[in-house]
Amino acid sequence: MNSFSSRALIKCAGNLRISSCQRIQISKMSSKTSEAASTASYTVQHDREKHQFYINLEGHTALLDYAWIKPHVADLYHTEVPPVFQGRGIAKLLAKAAFEFVVNENHQMKLSCTYLQKYINDNPKPEYLDKVVPLTNS
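Note that this is a predicted model, so its numbers are computed, not measured.

Asks: Go over the overall build of the protein chain, please, and point to the residues and values.
Replies: Across its full length, the protein chain carries 3 helices and 6 strands. From first element to last, N terminus to C terminus, the protein chain shows the α and β order β-β-β-β-β-α-β-α-α. Across the 138 residues of the protein chain, 38% fall into the buried class. Within the protein chain, counting contacts between residues at least 6 apart in sequence, those at least 24 apart form 54% of the total. Total accessible area on the protein chain is roughly 7,900 Å²; 48% of this is exposed by carbon and sulfur atoms.

Asks: Describe the packing of helix H1 (residues 90–104) against helix H2 (residues 114–122), naming the residues involved and giving the relevant values.
Replies: Their axes nearest at 10 Å, the elements H1 and H2 cross at an angle of 80 degrees. Between H1 and H2, the angle is such that the two are roughly perpendicular. Contact residues: H1 offers Ala91, Lys92, Ala95, Lys96 and Phe99, while H2 offers Tyr115, Leu116, Tyr119 and Ile120.

Asks: Tell me about the pairing of strand E6 (residues 108–111), and please be specific about residues and values.
Replies: One ladder, built from 4 bridges, connects strand E5 (residues 73–80) with E6; its direction is parallel. Pairing of Asp75 across the sheet is with Lys110, part of E6. This β-α-β element, E5 to H1 to E6, shows right-handed connectivity.

Asks: Run through H1, naming residues and quoting values.
Replies: Compared with an ideal rise of 1.5 Å per residue, which puts 15 residues at 21 Å, H1 spans 21 Å between its outermost C-alpha atoms and is within 8% of the ideal. If you check which residues of H1 are buried, you get Ile90, Ala91, Leu93, Leu94, Ala95, Ala97, Ala98, Phe99, Phe101 and Val102. Immediately beyond the C-terminal end of H1, within one or two residues, lies Asn106, with a positive phi of roughly 55 degrees.

Cut-offs applied
Residues numbered from 1 in each chain as written. Predicted model: local features only at pLDDT ≥ 70, side-chain atom pairs only at ≥ 80, totals over all residues. Heavy atoms only, no water. Helix = DSSP H or I, 4+ residues; strand = E, 2+ residues; numbered from the N terminus. Buried < 20%, exposed > 50% of the residue type's maximum accessible area, 1.4 Å probe, protein only. Contact = heavy atoms within 4.5 Å. Areas by Shrake-Rupley, 256 points an atom, 1.4 Å probe, with all protein chains shown as cover. Axes fitted to C-alpha atoms, helices over the stretch in contact; angles between N-to-C directions. Parallel < 35°, antiparallel > 145°, perpendicular 65-115°, else oblique. Pairing = 2+ DSSP bridges. Right-handed = clockwise from strand over helix to strand, strands pointing away. Expected span 1.5 Å × (residues − 1).

If you want it as structure tokens, here you go:
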């Protein structure tokens, strides 16, 4: 797998869609050095109709798109953070919200997005790993 730079554009595939729906409050920790980290709060929203998790960011939108490929199997295929907000852990918040949704709703997930593949490698929680289906042409 290719290495990932948090400064690189986080984009896998898909289109930008914005809507409001269920809100999930998540606190994020960010630090530029190994010194004390500051806490910022972002609201991850989940639009079940558009199959999207997103965060509204001062006129911009960070998002994670998914599609149902089988009953109870979601393909998480696209993660995007606007360049001005990259490197702040925002994609991690979207990934965590999507993974928690899959776990809490007892679904499974296909990780087509390379960022999400990296995220699960960096966060190999058993509850996440148990929900991953292999990447195939299904």
